[in-house]
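# Structural overview for review
The residues making up each chain are set out below.
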Amino acid sequence: MYAPRAFAETDLAGLDGLLARDPFVTLVTTGGDGLPFASHLPVLYRRQGEAVELEGHWAGPNPQAGHGGQALAIVHGPHHYISPGWYPDKAEAARVPTWNYAAAHLYGTLEPFTDEAALAGLVARLGERFEREVGGDWAYDHADPRQRSQLRGIVGFRFRAQRIELKFKLNQNHPPANVQGAIDGLRALPGEDAARVAALMAERLARRRG
C-alpha cells in the first residue's frame with residue numbers, strides 16, 4: 001500500500017478501532033492462473049500485543065476455500081471527499097480536492113480447517129459477536145443435526161498477520177487551520193462516514209496541538 005510518511009500509522013490501536021467498527025474484510029489470494037482472487041468476509045479479530053489473528057469461513061464452493069499460505073486481508077475504514085473550499089488558505093495555496101480515508105493491509109498466512117468441532121466453535125462465536133449488534137437471539141446449537149450438517153458446507157480459516165500496514169490519510173500534511181476547516185465541513189454533512197472521518201481527524205489534530 002502506498003503510504004507516505006505523513007499518513008503511515010504504527011499504533012495498532014488504530015487497527016483495533018477499524019475492525020471494531022467494520023469487521024468485514026477483503027481477503028486476497030493468488031489463484032492457479034496467477035491472478036488475484038478476492039472474497040468479502042466477516043471475521044473475528046484478536047490481538048495480543050503485536051500478534052494479530054483473524055478467523056472466518058468461506059462457503060464450500062468458493063474457489064478460494066481451503067487456500068493455505070500467503071494472503072492479504074484488506075480492512076476498510078471510513079472515507080469521504082474533502083472539498084478545498086473548507087480550507088482557510090484555499091485561494092492563496094491553490095488547494096485542490098482530496099479524499100480522506102483510513103485503511104489497513106494485513107499480509108500473512110492462511111490456515112484452513114474443516115474439523116467439525118473447530119467449525120462449530122467458529123460459527124458459535126460469530127453468532128455471539130454479531131447477533132448482539134442487531135438485538136438478535138440466534139445461537140448455534142450443536143445438538144441440532146440440521147445445524148451440524150450445515151457445517152459441511154463451509155471451510156474455516158485462521159489468518160495470522162506477519163506484516164501490517166496502517167494508513168490514515170486525514171490532512172496531516174495541512175496546517176491545523178485547514179484540518180479544523182475540513183472537520184467542520186464534514187460535521188455539517190449527513191451520513192456516518194462524514195462523522196467518522198471528522199472524528200478521526202479531530203483525534204489526531206488534538207494530539208498535534210498537544
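Everything below is about the structure printed above this text.
Residues numbered from 1 in each chain as written. Predicted model: local features only at pLDDT ≥ 70, side-chain atom pairs only at ≥ 80, totals over all residues. Heavy atoms only, no water.

### Details of the pairing of strand S8 (residues 154-169)
Pairing of strand S1 (residues 8-9) with S8, which is carried by two bridges, proceeds in the antiparallel orientation. Among the inter-strand pairings, Ala8 is bridged to a residue of S8, identified as Lys167. Inspection of the sheet shows strand S5 (residues 51-59) paired to S8 by seven bridges, in the antiparallel sense. Counterpart to His57 in the pairing with S8 is Gly156. Of the pairings in the sheet, the one linking strand S7 (residues 98-113) to S8 comprises 13 bridges and is antiparallel in character. Opposite Ala104, over in S8, you have Leu166 as the bridge partner. (Pairing = 2+ DSSP bridges. Helix = DSSP H or I, 4+ residues; strand = E, 2+ residues; numbered from the N terminus.)

### Overview of helix H2 (residues 116-131)
Look at H2: 22 Å from first C-alpha to last across 16 residues, which is about the 22 Å you get at 1.5 Å a residue. When we look at burial in H2, the residues that qualify are Leu119, Ala120, Leu122, Val123, Leu126, Gly127 and Arg129. Along its buried surface, H2 packs onto helix H1 (13-21), strand S4 (44-48), S5, S7 and S8. N-cap assignment for H2: the residue whose side-chain oxygen lies 3.2 Å from the backbone N of Ala117 is Asp115. (Expected span 1.5 Å × (residues − 1). Buried < 20%, exposed > 50% of the residue type's maximum accessible area, 1.4 Å probe, protein only. Contact = heavy atoms within 4.5 Å. Polar contact = N/O pair within 3.5 Å; in protein donor to acceptor, adjacent residues only side chain to side chain.)

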